[in-house]
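Descriptive analysis of the structure
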Amino acid sequence: MDIDDVHTTRTQASHSRVLPIDENHPFDFDQYTSIYSGRGLVERLLFLIPQCPSLAVQATQLAMKHLKTMRDTFLYQRLLTAYDQASGNSPDAPLPPVNDVINIDPAWIEDVNRRNQEDRTKLEVELKTYSSNMIKESIRMAHRDLAEHYRAVGDYQSALKHYAKLREFCTTSQHVLDMCLSVLELLIEQRNYAHIPTYVFKAEPALDASTNALRSTSFATPSIHSAATPHAAATAAQATKDRLMNERQKTQTKLEVATGISHLGLGAYDKAAAAFLRAGSSNSLGTWSTKVIPPSDIAIYATLCALATYPRPQIKTQILENDTFVYSYLESESYVRELVENWISGRFKAVLEGLERHSTRHALSPHLAPHLHVLTQMIRSRAVALYFQPFATVKLEKMASAFGWNVDETEQEVVRLIGEGEVKGRVDRLGKILRAQEVNQRAELYARTMKVGQDMQSANRKLLLRLRLYVSFFIPASVFAPFILTWIILANRRT
Amino acid sequence: MAPSTSTAQPGPSGQGQSAHAPAEDKAQITTLEELINLLLSNRTPPQKNDALKTFAHKETRDALMAASLPNGADPLNVLSLADNTLGYLYILCARLHVPGAPPPTTAQLEGFCEGFVPGQARLAPDRITALAKGIIKASGDNLKLALSPLRHLVTRYPPNLSYLTNLHSIFLNLCVKTRYFSVALPILSVPILNVDKTLSELTYNDNLLYHYAGGVVFGALGRWKDAEEFFEIVVTSPAQTPAAIQLEALKKLTLVQLILYGKPVQPPKYTNATLIRLIKSTPYNNFARAYPQRVVALNALMTKDIDTYRTDQNIGLLQQVINRAPRWLIKKLTSTYLTLGLNDIGLQVGLETEEVRSVVLSMVEVGDINASISSDGTVTFVDATPQFTKTQVDNALLQAQAQSKLLHELERALNASKEYLAKALKHKDESWGGMEDDALYNTHPGGPSGPWAEESMYA
């Protein structure tokens, strides 16, 4: 019960919390907004506005500008609510009223709504016609158009419904693949993490099948035409092969990224890191890099997850020595690279400071925000554990200075970690010293052996009684009894 | 359906002779005098038992036996216990159960229980049960009187104490009722290893009742480790649907384990799954998961479900669990700190400094922790290195060898038993196949295959 309370208050707090933007927490609004486009941008702005009242006016205007080009009037409502929240969150510096910031245009809303209605009717009529004509391909396209329409309007449920229906009319695996990717985009936008793996699993066999199909057709055709010039045929074959691999790589990267986001959303940080690190170069992301997730976000997600869960050598080989990852992603956020390098060389203070410095940037990423606190905590814990590893005794004072904390804070952290079993040591409260635990292996072994022996004897006794009871009261045990006994004997020998 | 193995030895010969003998006996014997004469004559115990069981009419048999001889003599004085345990037993039972009959004196009962011949008495398990119940009934309000005769009965009746009888559960119940816990200890100290339904009128519940009562006795005496074992036996006893007493035992087991280990322990894998599900929905589960905490918090948890605990009669046990909470909290601190001030401990545990001092002192005394308190109130914890002497190790080895020998004998006996061989022969093909599958998973390829491949790995 208590845990629940804490949890809810924390999530509430994170909703209404105002993020600091100052010299210590720099945040480049223009740069942040320039990497997104379309709906992705508006969604992120909506996420940002309540948390950063100082940027609210600017952000609201930008969002409005983009809204006008879109067809989702509901977003408009959300923008107003977000702005309201922002005003509520900044009691010190009151924001100007909404009307001064953006001009509300009821006529535009009505117009858009009307156009949406018309389009929908048109598309539905088309679908009906095609359905009665039973042309599979047309039905599929009608469903796809409807789904896309609903998506643009912001009705995700209906969009998903039509994507699902579309599936039975897919004739090639490429169609299935397209459908899966569209649904994945939708799910990521919706932050519906639990469903993402389902569509990734559906997409993978489709990807294999479509690659195979393409390969067989493209290899078959040139060999007939250009049999005379084997050299040209070889180059052509090589070219198609490259193109194929390229195509495949693109889709594969998207799938990996989707998996990574899903794992991150569900709190499986190690798996998330692995998935992000498997992704191909950022070129393969295509439109996803502005619509769904920019490479810089991938760099941040992957790095934080890896720092929180991976052992140091693995971070070195998989991040710093992974050329694709470094060039495609890590370069786009140079401070993230510094984080990793500091971590590898043991400058934990710099790592923690870097995390704090960019916390605003991290907290404004919708996928990462709910996990930021946990991840930071995990990274802190691991840092302390790693720092202490080579020492037999450490003065808490020295440790505090290495991490930039005060002594009490350090002690609390260390005590918590000892309780969780992350740090094997004990605190000398008076001398303020952390001492590594010395284990007398020999004595330990004796104690353990004795205990196991006693446990085994008592277990044998109990099992034997159980066997007797079976034999006496549950007669058919005559087959069964020898197995219990065999088990007892085996268990006995194992020790 | 013939009573197998243990009682069969006297059986065949005795039954063979008595097959024709009782026909005439039954016709002849109609009075107590004749019966006594027959008992005094030179017959085998099984024959006598037959006679005792079948003489006169069913309705009048007990009344006749409860009477005295025509010359006014007490038949019990005529019969000698060594030769006529059975006759003595039947008459005692009759007197205890026939309404209006003169009840046997305490001395007579004591005398019988101390002096009866077990081999003879085992011919009439029903009478022994009746006698045990009769003794308790006869003691009336003063249940304590029944303790001594019953103790002798339980100790002397079975071939040895590792055999479970229904007397065990009767006696243990009595001990718990009269709160004479230590009387039961000599019996409880021998673990039950043999169950023989033909030995006494044993029912399935006797096992549960005996071990449950045993757990209660050990709990009352503060021998938590033994209490844990007994409750665990009850909890893990095989059953299609768990008995209510098993759930009660699981509740007590949970509390006892909190006292012993300071945290809940997973019940063994072969515990009935229903039982585990049932306990999840009781307050005990919550309590165990919250443990250990500050006493205040635990008390609040207890008051929340006080009614449940009261109806289960576990308040006393629960109180002990709560009283031990500070000890577990302090014990936890020892794994985190090397030195700590008394008031720091007090803050963490929720006790006054002086209370902490006394708790720490008592923990050091008992050997729970290894620590010293300096004059300025600083506690220094030191790791206790477990020390074992050579004799301890030797003892452990001897025990292990004895156990392994016992298991080997058991295995041989089972492998040679008729039921097993018949079954093994019948299912030879299927079970062989299955076994080889097992072997495939468990042994390295190319290694010895067959049913005992596994064993060879550990040999």
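Residues numbered from 1 in each chain as written. Chains lettered and ligands numbered in written order. Predicted model: local features only at pLDDT ≥ 70, side-chain atom pairs only at ≥ 80, totals over all residues. Heavy atoms only, no water.

A look at the overall build of chain A
The secondary structure content of chain A amounts to 25 helices and 3 strands. The 495 residues of chain A split such that 47% are buried. Counting contacts in chain A only where the partners sit at least 6 residues apart, residues at least 24 apart contribute 67% of the total. Only carbon and sulfur atoms are counted for the fraction: they give 55% of the accessible area of chain A, which is about 24400 Å². (Helix = DSSP H or I, 4+ residues; strand = E, 2+ residues; numbered from the N terminus. Buried < 20%, exposed > 50% of the residue type's maximum accessible area, 1.4 Å probe, protein only. Contact = heavy atoms within 4.5 Å. Areas by Shrake-Rupley, 256 points an atom, 1.4 Å probe, with all protein chains shown as cover.)

Some remarks on the overall build of chain B
The helix and strand tally for chain B stands at 27 helices and 5 strands. Residue pairs in contact within chain B that sit at least 24 positions apart in sequence constitute 65% of those at least 6 positions apart.

Structural notes on the confidence of the model for chain A
Residues and elements named next belong to chain A. In this model, chain A carries a mean pLDDT of 79, and residues with pLDDT of at least 70 account for 88%. A low-confidence stretch, residues 1-15 stays under pLDDT 50, and its non-local contacts, those more than four residues away or across chains, total 4 contacts. This stretch, residues 222-227, has a pLDDT under 50; its non-local contacts, to residues over four places away or in other chains, come to 1 contact. (pLDDT = per-residue confidence, 0-100.)

Considerations on the pattern of salt bridges
Pairing is possible between side chains that carry opposite charge, provided their charged atoms lie close to one another. Tallying each qualifying case throughout the model produces 30 salt bridges over all chains. Between A:Glu256 and A:Arg278 there is a salt bridge whose closest N-O contact spans 3.2 Å. Taken together, the residues span a long stretch of sequence, with A:Glu256 in helix α12 (residues 230-266) and A:Arg278 in helix α13 (residues 269-278) at a distance of 22 residues. Here B:Lys251 makes a salt bridge to B:Glu248, at a shortest N to O gap of 3.3 Å. With B:Lys251 and B:Glu248 both in helix α16 (residues 244-261) and 3 residues apart, the pair spans about one turn of that helix. (Salt bridge = Lys/Arg side-chain N within 4 Å of Asp/Glu carboxyl O.)

Brief notes about the pairing of strand β3 (residues 433-436) of chain A
Residues and elements named next belong to chain A. One ladder, built from 3 bridges, connects strand β1 (residues 393-395) with β3; its direction is antiparallel. Its bridge partner being in β3, Thr393 is matched across the sheet by Arg435. Alignment of strand β2 (residues 425-428) against β3, held across 4 bridges, turns out to be antiparallel. Its bridge partner being in β3, Val427 is matched across the sheet by Leu434. Taking the residues between adjacent antiparallel strands as the criterion, β2 and β3 are bridged by 4 residues, where Lys432 takes a positive phi near 55°. (Pairing = 2+ DSSP bridges.)

Quick word on empty space enclosed by the protein
Residues and elements named next belong to chain A. What the rule picks out here adds up to 2 cavities of 30 Å³ or more. By volume, the largest cavity amounts to about 130 Å³. Along its surface, the largest cavity is lined by Gly40, Glu43, Arg44, Glu185, Ile188, Glu189, Arg191, Lys291, Val292, Pro366 and His367. Those elements that provide at least two residues to the lining of the largest cavity are α3 (38-48) and α10 (173-190). Within the lining of the largest cavity, the residues separate by chemical class into 3 nonpolar, 2 polar and 6 charged. Taken as a whole, the second largest cavity spans an internal volume of roughly 50 Å³. (1 Å grid on protein atoms, 1.4 Å probe; cavity = no way out; pocket = protein on both sides within 12 Å on 5 of 7 lines; lining within 4 Å. Points joined across faces, edges and corners; volume = space filled by probe spheres on them. Nonpolar A, V, L, I, M, F, W, Y, C, P; charged D, E, K, R; others polar.)

Brief notes about the environment of A:Arg115
Residues and elements named next belong to chain A. Topologically, Arg115 is positioned in helix α7 (residues 106-133). Of the residues examined, Arg115 reaches a relative accessible area of 35% and is grouped as partly exposed. Counting along the chain gives 44 residues from Arg115 to Arg71, while the straight-line C-alpha distance between them is 8.8 Å.

Points about the packing of aromatic side chains
The tally for this structure, following the rule as stated, stands at 16 aromatic pairs over all chains. Ring centres 5.9 Å apart and planes at 50° place the aromatic pair A:Phe276 and A:Tyr301 in the tilted group. With a gap of 25 residues between them, A:Phe276 in helix α13 and A:Tyr301 in helix α15 (residues 295-309) connect regions that are remote in the sequence. Looking at A:Phe276, the relative accessible area reads 0%, which means it is buried. Relative to A:Phe348, the ring of A:Trp343 has its centre 5.4 Å away and its plane inclined at 80°; by these criteria the two rings are edge-to-face. Each member of the pair A:Trp343 and A:Phe348 is classed as buried. An aromatic cluster is built from A:Trp343, A:Phe348, A:Tyr387, A:Phe391, A:Phe403 and A:Trp405, whose rings are joined through pairwise contacts. Seen from the ring of A:Tyr199, A:Lys202 lies directly overhead, with NZ or CZ sitting 4.5 Å from the centre. Between the NZ or CZ atom of B:Arg156 and the centre of the ring of B:Phe116, over which it lies, the distance is 4.8 Å. (Phe/Tyr/Trp six-rings, centres within 6.5 Å; stacked < 30°, edge-to-face > 60°. Lys NZ or Arg CZ within 6 Å of the ring centre and 35° of its normal.)

Structural notes on the side chain of A:Glu185
Residues and elements named next belong to chain A. Tracing the backbone through its elements, the reader meets Glu185 in helix α10. Among the polar contacts made by the side chain of Glu185, one reaches the side chain of Trp288 at a distance of 3.0 Å. Apart from the residues within four sequence positions on either side, Glu185 is in contact with Arg151, Trp288, Lys291 and Val292. (Polar contact = N/O pair within 3.5 Å; in protein donor to acceptor, adjacent residues only side chain to side chain.)

Quick look at the sheet that holds strand β5 (residues 378-381) of chain B
Overall, mixed pairing links the 6 strands, which are arranged β1(A)-β3(A)-β2(A)-β3(B)-β5(B)-β4(B) in an open sheet. For this open sheet the edge positions go to β1 of chain A together with β4 (371-373) of chain B, each flanked by a neighbour on one side alone. Going across the sheet, the axis of each strand differs from the next one's by a mean of 20°, ignoring polarity. The pairing of β4(B) with β5(B) spans 3 bridges and is antiparallel. Bridged to B:Ala371 within β5(B) is B:Phe381. Sheet strands in contact with helix α23 (residues 407-420) of chain A are β2 and β3 of chain A together with β3 (337-341) of chain B, and its direction is about 145° off that of β2(A). In this fold helix α22 (residues 342-349) of chain B packs onto β3, β4 and β5 of chain B, with an angle of close to 95° to the strand it touches most, β3(B). (Axes fitted to C-alpha atoms, helices over the stretch in contact; angles between N-to-C directions.)

Comments concerning the packing of helix α11 (residues 144-156) of chain B against helix α12 (residues 166-178) of chain B
Residue and element names in this part refer to chain B. In the contact formed by α11 and α12, the axes pass within 10 Å of each other and the chain directions differ by 150°. As summarised for this structure, α11 and α12 are arranged roughly antiparallel, according to the angle between their axes. For the element pair α11 and α12, the recorded crossing hand is left-handed. Here Lys144, Ala146, Leu147, Leu150, Arg151, Leu153 and Val154 of α11 come into contact with α12, specifically with Leu167, His168, Ile170, Phe171, Leu174, Cys175 and Thr178. A per-class count over the contact of α11 with α12 returns 10 nonpolar, 2 polar and 2 charged. (Parallel < 35°, antiparallel > 145°, perpendicular 65-115°, else oblique. Left-handed = near helix turned anticlockwise from the far one by under 90°.)

Observations concerning the nonpolar core
Residues A:Leu48, A:Leu184, A:Trp343, A:Met399, A:Phe403 and B:Ile345 are the most contacted members of the largest nonpolar core, which totals 145 residues. In this view, A:Phe403 contacts A:Phe348, A:Lys349, A:Leu352, A:Ala383, A:Val384 and A:Tyr387; residues no more than four positions away in its chain are not counted. Counting residues in each nonpolar core, the second largest holds 99 residues, with B:Ile36, B:Val195, B:Phe230 and B:Val235 among its members. (Core = buried A, V, L, I, M, F, W, Y, C linked by side-chain atoms within 4.5 Å.)

So, unusual backbone geometry
In this model, B:Tyr291 is joined to B:Pro292 through a cis peptide bond whose omega is -10°. Within the secondary structure layout, B:Pro292 lies in the loop between α18 (283-290) and α19 (295-304). One non-glycine residue with positive phi stands out, namely A:Arg191, at about 60°. Note that A:Arg191 resides in the loop between α10 and α11 (196-225). Despite not being glycine, B:Arg179 has its phi angle at roughly 60°, a positive value. Relative to the helices and strands, B:Arg179 resides in the loop between α12 and α13 (185-188). A relative accessible area of 60% places B:Arg179 in the exposed class.

Considerations on helix α23 (residues 353-366) of chain B
All names here are of chain B. For α23, built from 14 residues, the straight-helix expectation of 20 Å at 1.5 Å per residue is met to within 8% by its first-to-last C-alpha distance of 20 Å. Considered for burial, the residues of α23 that qualify are Val356, Val359, Val360 and Met363. Burial along α23 is one-sided: seen end-on, the buried residues are contained in an arc of 100°. For α23, the exposed residues set more than 90 degrees away from the buried face come down to Glu354 and Glu365. The elements touched by buried residues of α23 are α21 (315-334), α22, β4 and β5. Gly367 lies just past α23 and shows a positive phi near 95°. (Expected span 1.5 Å × (residues − 1). Arc of directions from axis to C-beta.)

A few points about helix α14 (residues 204-220) of chain B
All names here are of chain B. With 17 residues, α14 extends 25 Å between its outermost C-alpha atoms, agreeing within 8% with the 24 Å of an ideal straight helix rising 1.5 Å per residue. Summarising burial for α14: 13 of the 17 residues are buried, a large majority. At the exit of α14 stands Gly222, carrying a positive phi of roughly 80°.

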